[in-house]
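Topology and contacts: notes
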Amino acid sequence: MYEKDGEKYYVVDAHVHLWDGRESNQKNVHGKQFIDCFYDYHRNLSPEEEVWDYDTYTYYGGQRLMKDVFDEGYADHAIFQATLLSDFYKAGFGQTEEAFGLTQAHPGRLTYNHAYDPRNGEAGLEQLRRDAERMNLKGVKLYTAEWHGDSRGYKLDEPWSRRYLEECLKLGIKNIHVHKGPTIRPLDRDAFDVADIDKVATDYLDLNFVVEHVGLPRLEDFCWIATQESNVYGGLAVAMPFVHARPKYFAQIIGELLYWLGEDKILFASDYALWTPKWLVEKFVDFQIPDDLPEYAPITTAQKKKILGLNAAALYDLDVPEELRLPTDAGDAPAEVAAGARP
């Protein structure tokens, strides 16, 4: 929980990682390119005092994560979003078993979302079924630009992808998180295009599609899709650090999202360990739309509370303490969402 000026905020960090980008785990030069690109994002967008040394950044471990996200980072809950990158890393980039083990050790604080690749066909479907049962999956994280042999990406509306989405419905996996944001070297930028979200969101109304990184640098395309698709949400990973590095640009991002999507469909995320949640939470609570952007309405405390945690709590059925819920008549939100419960 974060408290400022008498207001208490229930915080859900909806996008965290536990990765191993060390040289010992790199399968080829692309593994080094990937973690180096991550580090460039980290050091260029973080406050100087928050920049890690490179060796720590390549692997930090579960104990460091618990300290940074919970002990110091104000999070009441956090959600792992797996990234496999099996063509680049020997044991995968995201450390599945270590991350899942943390969720088992701290079930009230952590949720684990695993990943799948529809290019794995029937064998991948069988693996998804096993993972769903073992990990009690409520969500998955998809990387449509991930390399897979000779393939350098796929579309969500391709036949095999649709079979996996249909399997998610059968398995009760309702939250489909999709990386649709800035490219990471050596992945192809256009493989993260947001257009395929429009198609599957229309066809699978019982699934929630969380567009991670809010489509950047395609924010306008994403907003036009998300405003007409009731089951499309925006995850603020990668957008959040601009609250420090380029606050006016962040104002434009959050202003557009609030105008098009509304306050109930935006999720806070640090993308840990790209950035740590502590300073992001603090700066977001203090943030306000500057006077020279009058086309955007001021951000209210209630809106910040929804974005920082209550919206994610609704998607993941998290039990929000009574004192951290909003009054049921807050804004135009349904009472269940305002209370932090799934509608």
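Relevant structure appears above.
Below is a summary of the structure that appears in this document. As the structure is a computational prediction, the values presented were derived from the model and not from experiment.

1. Looking at the pattern of salt bridges
Close approach of charged atoms allows side chains with opposite charge to pair. Counted under the stated rule, the structure contains 26 salt bridges. Close ionic contact of K306 with D264 constitutes a salt bridge, the shortest N to O distance being 2.9 Å. Here K306 is found in helix α12 (residues 301-315), whereas its partner D264 is found in the loop between α10 (247-260) and β10 (266-267), with 42 residues between them in sequence. Of the charged contacts, one joins E322 and R325 as a salt bridge, the two residues approaching to 3.6 Å between their closest N and O atoms. Overall, the relative accessible area of 62% leaves E322 in the exposed class. Salt bridges sharing common partners tie together R64, K67, D68 and E72.

2. Concerning the environment of Y2
Turning to its location among the elements, Y2 is positioned in strand β1 (residues 2-4). By relative accessible area, which is 8% here, Y2 ends up buried. For the pair formed by Y2 and L142, sequence separation is 140 residues and the distance between their alpha carbons is 30 Å. For Y2, the residues in contact, after removing those within four places along its chain, are E7, K8, Y9, V11, Y74, V281, E282 and V285.

3. Examining helix α7 (residues 195-203)
Of all the positions in α7, only D196, I197, V200 and A201 are classed as buried. Considered in projection along α7, the buried side chains sweep an arc of 130° and stay on one side of the axis. Close packing links the buried residues of α7 with α6 (159-171), β7 (175-179), β8 (208-212), α8 (219-226) and β9 (232-235).

4. Topic: the packing of aromatic side chains
The tally for this structure, following the rule as stated, stands at 27 aromatic pairs. On the numbers, 5.2 Å between centres and 85° between planes, the contact of Y259 with W260 is edge-to-face. A residue is classified by how much of its surface remains accessible, and W260, at 22% relative accessible area, is partly exposed. Ring-pair connections join several aromatic residues into one group, and the members of that group are W19, F34, F38, Y39, W52, Y54, Y57, Y60, Y89, F93 and Y272.

5. Some details on the packing of helix α5 (residues 121-135) against α6
Close contact between α5 and α6 brings their axes to 11 Å; oriented N to C, the two are set at 20°. Between α5 and α6, the interaxial angle falls into the category roughly parallel. The hand of the α5/α6 crossing is right-handed. Of α6, the residues touching α5 (which contributes G121, E122, G124, L125, L128, R129 and A132) are W160, R163, Y164, E167, C168 and L171. For the contact of α5 with α6, a count of residues per class yields seven nonpolar, two polar and four charged.

6. Observations concerning empty space enclosed by the protein
Gaps left between atoms are located by rolling a probe of water-molecule size over the structure's atoms. Scanning the entire structure with this criterion turns up three cavities of 30 Å³ or more. Size it by volume and the largest cavity reaches roughly 90 Å³. If you go around the largest cavity, you meet 14 residues; those closest to its centre are F38, H179, I184, H213 and D271. Of the residues that constitute the lining of the largest cavity, the class distribution is seven nonpolar, five polar and two charged. Quantified by volume, the second largest cavity comes out at close to 70 Å³.

7. Points about the pairing of β9
Side chains V232 and G234 project from β9 onto one buried face, and the interleaved Y233 and G235 project onto a second face that is buried too. Read as a crossover between parallel neighbours, the route from β8 over α8 to β9 is right-handed. Sheet topology places β9 next to β10; two bridges connect them, and they run parallel. Pairing of G234 across the sheet is with I266, part of β10.

What counts, and at which threshold
- Residues numbered from 1 in each chain as written.
- Predicted model: local features only at pLDDT ≥ 70, side-chain atom pairs only at ≥ 80, totals over all residues.
- Heavy atoms only, no water.
- Salt bridge = Lys/Arg side-chain N within 4 Å of Asp/Glu carboxyl O.
- Helix = DSSP H or I, 4+ residues; strand = E, 2+ residues; numbered from the N terminus.
- Buried < 20%, exposed > 50% of the residue type's maximum accessible area, 1.4 Å probe, protein only.
- Contact = heavy atoms within 4.5 Å.
- Arc of directions from axis to C-beta.
- Phe/Tyr/Trp six-rings, centres within 6.5 Å; stacked < 30°, edge-to-face > 60°.
- Axes fitted to C-alpha atoms, helices over the stretch in contact; angles between N-to-C directions.
- Parallel < 35°, antiparallel > 145°, perpendicular 65-115°, else oblique.
- Left-handed = near helix turned anticlockwise from the far one by under 90°.
- Nonpolar A, V, L, I, M, F, W, Y, C, P; charged D, E, K, R; others polar.
- 1 Å grid on protein atoms, 1.4 Å probe; cavity = no way out; pocket = protein on both sides within 12 Å on 5 of 7 lines; lining within 4 Å.
- Points joined across faces, edges and corners; volume = space filled by probe spheres on them.
- Right-handed = clockwise from strand over helix to strand, strands pointing away.
- Pairing = 2+ DSSP bridges.

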